[in-house]
Amino acid sequence: MKQDVSIAADAVTFEPEFIDALTDIFERQIAFNQVLGLQITRIAPQGVESRIAMKPELVGHFAFNRVHGGVISAALDSMAGLAVMAAIGARHMDEPPAKRLQRFSRLGTIDLRIDYLRAAIGAQFKQRAQVLRLGSRVATVRMEFLSASDELLSVGTASYIVS
């Protein structure tokens, strides 16, 4: 019988080198995340978090200085991918960090749905993602895009191929 990933992940603590490597991948090696200004603030088996500072390149509506919907979608897609990586990493704690990092080469988005609830207007934004189910081939994730004061602006769900 398969164990729920959230139950198994509760006892897992990642090594600093694993967290540093994932942060490096997302903040420096993925060029589009640099354009977004995505900064990882938390990596844990139970979920991941990041922040984005508003800048002119992210504006979707010039009259309101509102974040473009594509920015929200891209940020949530990135965070969901990171959440899947954290869940896979937690599942394979018997392996060294470098080997766990190699497991992500086949990770890819299958389906992405974003619901825009409120206009994203502000100086800072937060993103959160949590794996709902990690199977042997597909992972399902829930994401949130929030204001600096934790007002929910957008939500999303996504599916990822993991094998």
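Calculation notes
Note that residues are indexed from 1 along each chain, following the sequence as it is written. Local features in a predicted model are, by the rule used here, given only for residues with pLDDT of at least 70; side-chain atom pairs are given and counted only at 80 or more, and totals for whole chains, interfaces and linings are based on all residues. Heavy atoms from the whole structure form the basis of all side-chain values; hydrogens and water molecules are not counted. Helix numbers and strand numbers start at the N terminus; a helix is a DSSP run of H or I with at least 4 residues, a strand a run of E with at least 2. Multiplying one less than the number of residues by 1.5 Å gives the expected span of a helix. Burial here depends on accessible area, computed with a 1.4 Å probe over protein chains only, as a share of the maximum for the residue type. Under 20% is buried, over 50% is exposed, and the range in between is partly exposed. Read the arc as the range of directions from the helix axis to the C-beta atoms. Residues are treated as being in contact if the distance between any of their heavy atoms lies within 4.5 Å. Salt bridges, as used here, are contacts in which a Lys or Arg side-chain nitrogen is within 4 Å of a carboxyl oxygen on Asp or Glu.

Trainee: Hey, could you go over helix α2 (residues 16-29) for me, with residue numbers and the actual values?
Mentor: Compared with the 20 Å implied by 1.5 Å per residue over 14 residues, the 18 Å span of α2 between its first and last C-alpha is a close match. Those residues of α2 lying buried are Phe18, Leu22, Thr23, Phe26 and Glu27. For α2, the angular spread of buried residues about the axis comes to 140°, placing them on one side. The exposed set on the far side of α2, more than 90 degrees from its buried face, consists of Pro16, Glu17, Asp20 and Gln29. Along its buried surface, α2 packs onto α3 (31-36), β1 (39-44), α4 (69-91) and α5 (97-102).

Trainee: Before we move on, can you summarise the side chain of His92 with the specific residues and values?
Mentor: Note that His92 resides in the loop between α4 and α5. Setting aside its immediate chain neighbours within four residues, His92 contacts Arg100 and Arg103.

Trainee: Outline the environment of Gly108, listing residues and values.
Mentor: Position of Gly108 among the secondary structure elements: in strand β5 (residues 108-116). Expressed as a C-alpha distance, the spacing of Gly108 and Pro56, which sit 52 residues apart in the sequence, is 29 Å. Ignoring any residue separated from it by four or fewer positions in sequence, one finds Gly108 in contact with Ser159, Tyr160 and Ile161.

Trainee: Mind laying out the pattern of salt bridges, listing which residues take part and the relevant values?
Mentor: Using the criterion set out here, one finds 12 salt bridges in the structure. Between Asp150 and Lys126 there is a salt bridge, and its shortest N-O distance comes to 3.0 Å. A residue pair is termed long-range when its members are at least 10 positions apart, and Asp150 in the loop between β7 (138-147) and β8 (152-161) and Lys126 in strand β6 (residues 124-134) qualify at 24 residues. Judged by its relative accessible area of 39%, Asp150 falls in the partly exposed class. Salt bridges here are not isolated pairs; linked through shared partners, they connect Arg42, Glu49, Lys126, Arg128, Arg142, Glu144 and Asp150.

Trainee: So what about unusual backbone geometry? Which residues, and what values?
Mentor: The phi dihedral of Asn65 falls on the positive side, at around 55°, and the residue is not glycine. Assignment of secondary structure puts Asn65 in the loop between β3 (59-61) and β4 (66-67). The exposure class assigned to Asn65 is partly exposed, which follows from its relative accessible area of 40%. If you check the backbone angles, Asp150 has positive phi at about 70° while not being a glycine.

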